[in-house]
Amino acid sequence: FIDPRKSSPELSAHLGNQVRVRAPSEFAPALDALKSKSVLADPQWAAAFIFDRLERAGAKIVRASDPCQLPKACKNEAELEGTRKAHVRDGAALSRFLAWFAREAPSGQLTEIDAVEKLEAFRYATGVLKDLSFDSISGAGPNGAIVHYRVTKKTNRRIESGQLFLIDSGAQFQDGTTDVTRTIAVGAPTQEMRDRFTRVLKGHIQLALARFPEGTTGAQLDAFARRPLWDAGLDYGHGTGHGVGSYLSVHEGPQSISPRGTMQALKPGMICSNEPGYYKTGEYGIRIENLVVVRDLGDIPGGEKKMLGFETITRVPIDLNLVDAGMLTDAEKAWLNAYHADVRAALAPGLANDEQAAAWLNQATKPV
């Protein structure tokens with residue numbers, strides 16, 4: 001049911017005889033015609049009008065999850081391969097931006113809007129960007145502590161030395177959807193900033209390394225990312241991860257990684273974000289976000305259950321200027337070094353014609 005003004009001859013040709021297109025005015029009568037039929041409607045998403053109309057029509061309502069959600073959430077190998085390519089392409093654009101930011105930010109002349117516009121320009125320069133996956137979150141200093149901040153001309157802050165800058169952004173390419181957050185030190189960070197950042201990083205790594213039995217929900221894994229912050233009496237007020245579509249919504253269910261998560265078990269092929277954070281009101285915000293794919297790890301020798309884990313697919317360096325290596329375990333250092341080696345190997349060919357970005361990448365991915 002769609003307004004004919006939103007259709008086109010091309011759409012009709014594409015749909016062929018597989019989809020019937022009807023005017024919105026016909027929707028209510030179509031519900032009335034379902035008298036004595038069994039109709040599945042998802043109470044989380046379907047409007048109350050639908051339930052009211054079906055009840056008045058005498059239909060038998062089956063309240064259940066949308067059956068399209070789960071197969072859509074479990075990406076096939078073609079979708080996953082496309083998403084991996086999209087993240088390499090997007091990682092190169094972000095690395096060009098971060099190299100530019102490292103050169104320009106110390107001047108104190110950049111604003112939050114300047115950063116957003118420059119990052120968008122690097123993404124558009126790929127030649128295949130379809131759109132942004134959401135409005136970029138660009139927060140300097142205290143604005144970075146506002147979790148869902150959106151910069152406007154009225155709130156636009158100058159990015160100054162001694163601040164942390166948080167940029168959360170994403171792209172829509174036809175082969176995949178990206179969503180990545182990086183926190184960057186402008187000038188020398190304080191020891192508190194490094195401590196908090198490293199705790200967020202430890203939680204990010206611990207979730208990335210998690211192994212869990214088939215049937216585990218995201219709610220059961222959420223504490224992996226919070227433990228290093230909890231150890232210091234700290235926390236963050238948002239979920240650790242959400243589902244992500246394949247050239248679709250950047251927030252996609254039914255899976256999530258959150259204390260308030262759904263009962264949906266994580267399944268192979270699902271894409272989720274891994275984004276713990278820390279926010280000090282009025283001062284700074286920290287978030288490290290990569291996208292991960294749920295993968296089947298097979299049988300573990302001596303184990304009794306089928307185990308799953310995560311494959312990290314985002315390819316963007318993490319700011320080493322904010323890492324206190326002395327706080328990391330050997331396993332966490334090994335993960336960070338392996339991740340940066342993968343990022344360097346994936347992005348170096350695409351940055352070969354940009355000497356400044358290539359040099360920045362080599363420095364940004366050096367082992368700790």
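Residues numbered from 1 in each chain as written. Predicted model: local features only at pLDDT ≥ 70, side-chain atom pairs only at ≥ 80, totals over all residues. Heavy atoms only, no water.

### Notes on the nonpolar core
Here is step 1: The biggest cluster of nonpolar side chains holds 72 residues, and the ones touching the most others in it are Phe97, Phe101, Phe165 and Phe310.
Here is step 2: For this core, the element with the highest residue contribution is helix α5 (residues 77-104), accounting for 8 residues.
Here is step 3: Apart from residues no more than four positions distant in its own chain, Phe165 is found in contact with Phe97, Phe101, Ala115, Ser138, Gly139, Ala140, Ile159, Arg182, Thr183, Ile184 and Val186. (Core = buried A, V, L, I, M, F, W, Y, C linked by side-chain atoms within 4.5 Å. Buried < 20%, exposed > 50% of the residue type's maximum accessible area, 1.4 Å probe, protein only. Helix = DSSP H or I, 4+ residues; strand = E, 2+ residues; numbered from the N terminus. Contact = heavy atoms within 4.5 Å.)

### Side note on the environment of Arg182
Here is step 1: Here Arg182 is to be found in strand β8 (residues 180-185).
Here is step 2: Using a relative accessible area of 5% as the deciding quantity, one classes Arg182 as buried.
Here is step 3: Spatially, the C-alpha atoms of Arg182 and Asp168 are 6.6 Å apart, while their sequence positions differ by 14 residues.
Here is step 4: Setting aside residues no more than four positions away along its own chain, Arg182 makes contact with Phe165, Leu166, Ile167, Arg287, Ile288, Glu289, Asn290, Thr314, Val316, Pro317, Ile318 and Tyr339.
Here is step 5: A polar contact of 2.7 Å, which involves the side chain of Arg182, links it to the side chain of Asn290.
Here is step 6: Separated by 2.9 Å, the side chain of Arg182 and the backbone oxygen of Pro317 make a polar contact. (Polar contact = N/O pair within 3.5 Å; in protein donor to acceptor, adjacent residues only side chain to side chain.)

### Focus on the packing of aromatic side chains
Here is step 1: One pass over the full model with this rule turns up 8 aromatic pairs.
Here is step 2: Measuring from centroid to centroid gives 4.9 Å for Phe101 and Phe165, while their planes differ by 15°, and the two rings are stacked. Taken as a pair, Phe101 in helix α5 and Phe165 in strand β5 (residues 164-169) lie far apart in primary sequence, 64 residues in all. Of the two residues examined, Phe101 and Phe165, each falls in the buried class.
Here is step 3: Members of the aromatic cluster, connected to one another through ring pairs, are Phe97, Trp100, Phe101 and Phe165.
Here is step 4: In this structure, Arg89 packs its charged tip against the face of Phe173, placed 4.8 Å from the ring centre.
Here is step 5: Directly above the ring of Tyr278 sits Arg196, whose terminal nitrogen or CZ lies 5.6 Å from the centroid. (Phe/Tyr/Trp six-rings, centres within 6.5 Å; stacked < 30°, edge-to-face > 60°. Lys NZ or Arg CZ within 6 Å of the ring centre and 35° of its normal.)

These figures come from the coordinates and say nothing about function on their own.
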